[in-house]
Amino acid sequence: MKKTLARGLMNLLPMALSLWLFWSLFVSLDGLGIVILELVGINQHFVGAGFMLVVALVFAVGLLFSVSPIVWLYGWLERQLMRFPLFKSVYGSIRDIASLMNRDGKPTSQKTVLVKQANGSFVVGFIMTDTPPQPLLDALPEGDWVPVLFQLSYQMAGVTSLIKRDDLIMVDWSFEEAMRFNLTAGISQTPSQ
């Protein structure tokens, strides 16, 4: 009986939580859209009208960002806001995470690597860029250094270390699959693994 309950919970819980999360997002965006509709004087609406309005607005913004003057104006506004240290830290982090999710079909530049530890074990890491910032290169001893991210399990946090490229073992494993493996502490694996 205990095994059956555990099996039911393990199968039902991820689906229920995922559906709840997406439903909550839908309801929130629908509510935001309804507020916008009511601001412009439209008081009669149906369930999902606000959500459709928000999706249409996001699509319209995406179209606007394909026009050079809008891109220039947004870039100027972004540069002005980046003068504020707190805004720069928060916005920069969110923008970088968003850019990881939206690659527009471009191949990923992140590479999966293994790093040998002192006790003979290995840690899965990711080369996120091929060149560290110049101030770090100036401070490091001679060598081909690369920033390697070590993702922590079950959280979005990680540790970035600068490691010599010669000390890395390249792994032919997609960034997405390796990240899923790291985030779930090895529990989540695709069938091919």
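Predicted, not measured: the structure shown is a model, and the values here were computed from it.

**What to know about helix α2 (residues 49–64)**
Under the 1.5 Å per step criterion, the end-to-end length of α2 is 22 Å for 16 residues, consistent within 8% with the ideal 22 Å. Considered for burial, the residues of α2 that qualify are Ala 49, Gly 50 and Val 54. One side of α2 holds all its buried residues, which, seen down the axis, span an arc of 135°. Among the exposed residues of α2, those oriented more than 90 degrees off its buried face are Val 58 and Phe 59. The inward-facing, buried residues of α2 contact α1 (2–39).

**Focus on the UniProt feature "transmembrane region" (unreviewed entry) in the chain**
Mapped onto this numbering, the UniProt entry gives "transmembrane region" (unreviewed entry) at residues 12–37 and 49–74. Secondary structure content for residues 12–37 is 100% helix and 0% strand, while the C-alpha to C-alpha distance between its ends is 37 Å.

**What to know about a nonpolar patch on the surface**
Taken together, the side chains of Leu 9, Met 10, Leu 13, Leu 17, Trp 20, Leu 21, Phe 22 and Leu 25 present a nonpolar region at the surface, about 880 Å² in accessible area. Along the chain, Leu 9 turns up in helix α1. By relative accessible area, Leu 9 is classed as partly exposed at 46%.

**Comments concerning the pattern of salt bridges**
Evaluated as defined, the whole model comprises 4 salt bridges. Salt-bridge contacts for Glu 78 lead to Arg 95; the nearest nitrogen and oxygen are separated by 3.1 Å. With Glu 78 in helix α3 (residues 68–81) and Arg 95 in helix α4 (residues 85–101), this pair connects stretches of sequence that are 17 residues apart. Taking relative accessible area as the criterion, Arg 95 reaches 34% and is therefore assigned partly exposed.

**Here we look at the sheet that holds strand β4 (residues 158–164)**
Read across the sheet, 5 strands follow the order β4-β3-β2-β1-β5 without closing on themselves; strand pairing throughout is antiparallel. Lying at the two open borders of the sheet, with one neighbouring strand each, are β4 and β5 (168–171). With direction set aside, neighbouring strand axes in the sheet form an average angle of 40°. Taken strand by strand, helix α6 (residues 175–183) contacts β1 (111–116), β2 (122–127) and β3 (145–151), and its axis lies near 135° from that of β2.

**Side note on the packing of aromatic side chains**
To describe a pair of aromatic rings, you give the distance between the ring centres and the angle between the ring planes. Within this structure, the stated rule accounts for 5 aromatic pairs. Among the aromatic side chains, those forming a connected cluster through ring pairs are Trp 23, Phe 26 and Phe 51.

**What to know about the pairing of β2**
Across 6 bridges, the pairing between β1 and β2 is antiparallel. Considered in β2, the bridge of Lys 111 is made with Ile 127. As consecutive antiparallel partners, β1 and β2 are separated by 5 residues, and within that stretch Gly 120 has a phi angle of approximately 90°, a positive value. In this structure, β2 lies alongside β3, joined through 2 bridges in antiparallel fashion.

Definitions and limits used
- Here the residue numbers are simple positions, counted from 1 along each chain's written sequence.
- Whole-chain, interface and lining totals are the exception, using all residues; otherwise, since this is a predicted model, local features are given only for residues with pLDDT of at least 70 and side-chain atom pairs are given and counted only at 80 or more.
- Each side-chain value is worked out from all heavy atoms of the structure, with water and hydrogens disregarded.
- Strands here are runs of E lasting at least two residues and helices are runs of H or I lasting at least four, both read from the DSSP assignment and numbered beginning at the N terminus.
- A helix is expected to span 1.5 Å multiplied by its residue count minus one.
- Relative accessibility thresholds used throughout: buried, under 20% of the residue-type maximum; exposed, over 50%; partly exposed, between the two (1.4 Å probe, protein chains only).
- By construction, the arc corresponds to the directions joining the helix axis to the C-beta atoms.
- A contact between two residues is defined here by any heavy atoms of the two lying within 4.5 Å.
- UniProt positions are given in the numbering used here, feature names are shortened, and annotations may be inferred rather than shown by experiment.
- Patch definition: residues above 30% relative accessible area lacking any salt bridge, with like charges linked at up to 9 Å and the nonpolar side chains Val, Leu, Ile, Met, Phe, Trp and Tyr linked at up to 5 Å.
- Per-residue and other accessible areas follow the Shrake-Rupley method at a 1.4 Å probe size, with only the shown protein chains counted as cover for residues.
- Salt bridges are counted wherever a side-chain nitrogen of Lys or Arg sits within 4 Å of a carboxyl oxygen of Asp or Glu.
- Two strands are said to pair when DSSP picks up at least two bridges between them.
- Axis geometry follows a simple rule: fit a line to the C-alpha atoms, using only the stretch in contact for helices, then measure angles between N-to-C directions, giving values from 0 to 180 degrees.
- Two rings from Phe, Tyr or Trp (for Trp, the six-membered ring) form a pair when their centres are within 6.5 Å of each other. A pair whose planes differ by under 30 degrees is stacked, one over 60 is edge-to-face, and the rest are tilted.

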